[in-house]
Amino acid sequence: MSSSPLSRRALFRGAAGVGGLLALGACSTTKSPGAKSAAKVVDVTHWDQLVSQEPWVKKEIELFQAAHPSVAIKRTQQASGDLEKLLDLAWRGGSAPDIFKVPSDKLDDYVADGRVLDLSKYATADWQKTFPPYSFVEGINTFGGKIYSSPFEGDAPWVQLYINNKVFKDAGLVEADGNVKIPKTWEEVTLFAEQITKKGNGSVHGIGFGNSAFAIIPWWVELFTAGAGFPGSMPPGFPGGLDPRTGKFTRTTERAVSDFLTLFLEWKSKGFITPNALSMDDEISRQQFARGKFGMIVGGVWNQPGWSELGFTDYSVTTLITADGQPKSFFYYGPGKYNLAISATAKHPDEAWEWFKWWNGPEAGARYVQELKGGVSIHPEANDPSKVDFAPFAAFVGMTKLSLAGPNPALRNPATGNVVVKKITPDFDSICTGLFTGQIKDIGAALSQLQEQQEKAFNDALAKAAAKGHKATIADYTFTDWDLTKPYKWDIPQYITTK
């Protein structure tokens, strides 16, 4: 099972394709509203892919420019192109932005290519300490003791179960106090889905999703097995299928995974799942959920701003649903992240740094959480549910306690970064879809074969890395001391003192 939210449905979205890579005039751009003379104002160009977070971005630019009237942020929203290819073209053409969102898994490449600015001049120890411990990590956002980026998002369960309150109430799924019943177990979800479907009489179903654009069923698997007592939701850095506690490829063959997939297929056969799940995409399914076509859907916090735009706010949210209602494992994350970087060719690096520092500061983070309700901040003090005036989002912010620090092989041995595992076909996502369509009949056989392929692909990757002089072994990925119920203690410096 894949575990990175960025690989599924990142908040920083971008569609594949290069047809419009140079049509930057169609992108939205924000300029300083108070600039009186172009000669007195320094322009800082900024690229990101934030769409649903647009109101927050615009407000932060306005606030920053009011505080820094000599700087104009010229922001371009690259929501309709492949950001990595756009940046490559811009660098080749000598028109790279001063500050930009770094595409996933590219910061180390950009550092090696000399494309991003070393922030050592600016990232003082005092500034680093405005972030929580283990925010700056060698090999992630720091290379050779030099900081190149910083975290922005905090950590919370990336996938949640959303409940349409009206659909539940119409089906009589209400507690004595008038609130809707929130399922905690597989059985409760089954019973609730059955009751909604019966009451709906063909027009409303218990469960819905949209699988046409990309595989959504694995999201359901992760939500319903992440608490089953094995690392179902993995921290970054591990190959698919590996259980870090044992060094064995047994995650996809855990009994909970096959049991849930069996249950999921039963939901389908009994008509609890909307019949057009495979023909509609995730965007349409979320609209259908808002219109009351089904009672439960799985997704992430990125759903919430879109529903607010539709005027739909009557829903509840939960996560970590287990067979017995007692989570024995949680969602896990690794140390260090990155978001924005400053280009090595920035014409005004001092001004770019001021914008970088503003964007990543605790005050902007608090507005991101409490006003935009776009996610959780890397700054824990910003993630106070009592300061959020919208119940479903406050519930999400409260879920940060269900996300724990997990082990990371790169911290033990940086050479693991050179172990590149070849993609397996069919992968777990394809198997889930194949089971749902009936093209795959035997769940156990399919998952056992996947396990064998995952182990072979990983061993092949280790061998290729070794042939190139990179010393990494399965021991680097094995953490026998990992207690799934407690944050993993990283044996690394908490802060990096730049020189």
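Scoring rules and cut-offs
- Residues numbered from 1 in each chain as written.
- Predicted model: local features only at pLDDT ≥ 70, side-chain atom pairs only at ≥ 80, totals over all residues.
- Heavy atoms only, no water.
- Helix = DSSP H or I, 4+ residues; strand = E, 2+ residues; numbered from the N terminus.
- Rg over C-alpha atoms; globule rule 2.2 N^0.38 Å.
- Buried < 20%, exposed > 50% of the residue type's maximum accessible area, 1.4 Å probe, protein only.
- Contact = heavy atoms within 4.5 Å.
- Areas by Shrake-Rupley, 256 points an atom, 1.4 Å probe, with all protein chains shown as cover.
- Lys, Arg positive; Asp, Glu negative; His and termini not counted.
- Charge placed at Lys NZ, Arg CZ, Asp CG, Glu CD.
- Core = buried A, V, L, I, M, F, W, Y, C linked by side-chain atoms within 4.5 Å.
- Polar contact = N/O pair within 3.5 Å; in protein donor to acceptor, adjacent residues only side chain to side chain.
- Pairing = 2+ DSSP bridges.
- Axes fitted to C-alpha atoms, helices over the stretch in contact; angles between N-to-C directions.
- pLDDT = per-residue confidence, 0-100.
- Expected span 1.5 Å × (residues − 1).
- Arc of directions from axis to C-beta.
- Phe/Tyr/Trp six-rings, centres within 6.5 Å; stacked < 30°, edge-to-face > 60°.
- Lys NZ or Arg CZ within 6 Å of the ring centre and 35° of its normal.

## Thoughts on the overall build of the chain
And step 1. Counting its secondary structure elements, the chain contains 17 helices and 13 strands.
And step 2. Over its C-alpha atoms the chain spans a radius of gyration of 23 Å, differing by no more than 12% from the 23 Å that the globule rule assigns to 499 residues.
And step 3. With the C-alpha coordinates aligned to their principal axes, the bounding extent of the chain is approximately 70 × 55 × 45 Å.
And step 4. Looking at the chain as a whole, 55% of its 499 residues are labelled buried.
And step 5. A fraction of 77% describes how many contacts in the chain between residues 6 or more apart in sequence connect residues 24 or more apart.
And step 6. When the accessible area of the chain is evaluated, it comes to approximately 21600 Å², of which 52% is carbon and sulfur surface.
And step 7. Averaging the locations of the 52 positively and 53 negatively charged side chains of the chain gives two centres separated by 2 Å.

## Here we look at the nonpolar core
And step 1. Counting 132 residues, the largest nonpolar core has Trp220 and Trp267 as the members making the most contacts within it.
And step 2. Here this core gets nine residues from one element, more than from any other, and that element is helix α17 (residues 443–467).
And step 3. Aside from chain neighbours lying at most four places away, what touches Trp220 is Leu161, Ile207, Gly208, Phe209, Phe260, Phe264, Trp267, Met296, Ile297 and Val298.
And step 4. Grouped together as the second largest cluster of nonpolar side chains are 16 residues, Trp47, Leu83, Ala90 and Leu107 included.

## Remarks on the environment of Leu310
And step 1. In this fold, Leu310 is placed in the loop between α11 (303–309) and β10 (315–318).
And step 2. Residues within four places of Leu310 in sequence aside, it is in contact with Gln287 and Ala290.

## Quick look at the side chain of Glu60
And step 1. Along the chain, Glu60 falls in helix α2 (residues 54–67).
And step 2. For Glu60, a relative accessible area of 1% translates into the label buried.
And step 3. There is a polar contact of 2.9 Å between the side chain of Glu60 and the side chain of Trp358.
And step 4. In this structure Glu60 touches Trp355, Trp358, Ala364 and Arg367, once residues within four positions along its chain are discounted.

## Considerations on the sheet that holds strand β7 (residues 160–164)
And step 1. Pairing within the open sheet is mixed, and its four strands lie in the order β8-β9-β7-β10. Of all strands in the sheet, those with a lone pairing partner are β8 (205–207) and β10, marking the two edges. Each adjacent strand pair in this sheet contributes to an overall mean axis angle of 20°, direction not counted.
And step 2. Of the strand pairs in this sheet, β8 and strand β9 (residues 294–299) are connected by two bridges, and their pairing is parallel. When the sheet's bridge partners are listed, His205 is paired in β9 with Phe294.
And step 3. Helix α7 (residues 186–200) rests against β8 and β9 of the sheet, and its axis sits at about 155° to β8.
And step 4. Against the sheet, helix α8 (residues 217–225) makes contact with β7, β8 and β9, and its axis sits at roughly 85° relative to β9, the strand it touches most.

## Details of the confidence of the model for the chain
And step 1. Summing up the model confidence of the chain, the mean pLDDT is 90 and the portion of residues at 70 or higher is 91%.
And step 2. Here residues 2–37 scores under 50 on pLDDT; set against residues more than four positions off or in separate chains, the count is 79 contacts.

## Quick word on helix α3 (residues 83–92)
Since the α-helix turns once every 3.6 residues, residues separated by three or four places project in the same direction.
And step 1. Looking at α3, one finds that the buried residues are Leu83, Leu86, Leu87, Asp88, Ala90 and Trp91.
And step 2. In the core, the buried residues of α3 are packed alongside β2 (42–48), β4 (99–101) and α4 (107–112).
And step 3. Where α3 begins, the side chain of Asp82 points an oxygen toward the backbone nitrogen of Glu84, at a separation of 3.1 Å.
And step 4. At the exit of α3 stands Gly94, carrying a positive phi of roughly 75°.

## Let's talk about α2
And step 1. For α2, with 14 residues, the first-to-last C-alpha span of 20 Å sits near the 20 Å given by 1.5 Å per residue.
And step 2. Those residues of α2 not exposed but buried are Glu54, Trp56, Val57, Glu60, Ile61, Phe64 and Gln65. Here the buried residues of α2 occupy an arc of 160° about the axis, which is enough to place them on one side. Facing away from the buried side of α2, by more than 90 degrees, are the exposed residues Pro55, Glu62 and Ala66.

## Here's the deal with unusual backbone geometry
And step 1. For the peptide bond that leads from Thr425 to Pro426, omega is -5°, which places it in the cis range.
And step 2. Position of Pro426 among the secondary structure elements: in the loop between α15 (409–412) and α16 (428–437).

## Examining the side chain of Ser343
And step 1. Of note, Ser343 is situated in the loop between β12 (340–342) and α12 (349–359).
And step 2. Overall, the relative accessible area of 1% leaves Ser343 in the buried class.
And step 3. Setting aside anything within four residues of it in sequence, one finds Ser343 in contact with Trp91, Ala96, Pro97, Asp98, Phe100, Arg115, Val116 and Leu117.

## Topic: the packing of aromatic side chains
And step 1. Counted under the stated rule, the structure contains 54 aromatic pairs.
And step 2. Each ring, one from Trp91 and one from Phe100, has its centre 5.4 Å from the other, and the planes form 90°; the classification is edge-to-face. Considered together, Trp91 and Phe100 belong to a single accessibility category, that of buried residues.
And step 3. Look at Trp353 and Phe356: their rings are 5.4 Å apart centre to centre, the planes differ by 20°, and that puts the pair in the stacked class. In this pair, Trp353 and Phe356 both sit in helix α12, three residues apart, roughly one turn of the helix. The two residues Trp353 and Phe356 agree in class, both being buried.
And step 4. An aromatic cluster is built from Trp186, Phe209, Trp220, Phe224, Phe260, Phe264, Trp267 and Phe436, whose rings are joined through pairwise contacts.
And step 5. Note that Lys268 overlies the ring of Phe436, its terminal NZ or CZ placed 4.7 Å from the centroid.
And step 6. The aromatic ring of Phe479 is capped on one face by Arg412, whose charged end is 3.8 Å from the ring centroid.

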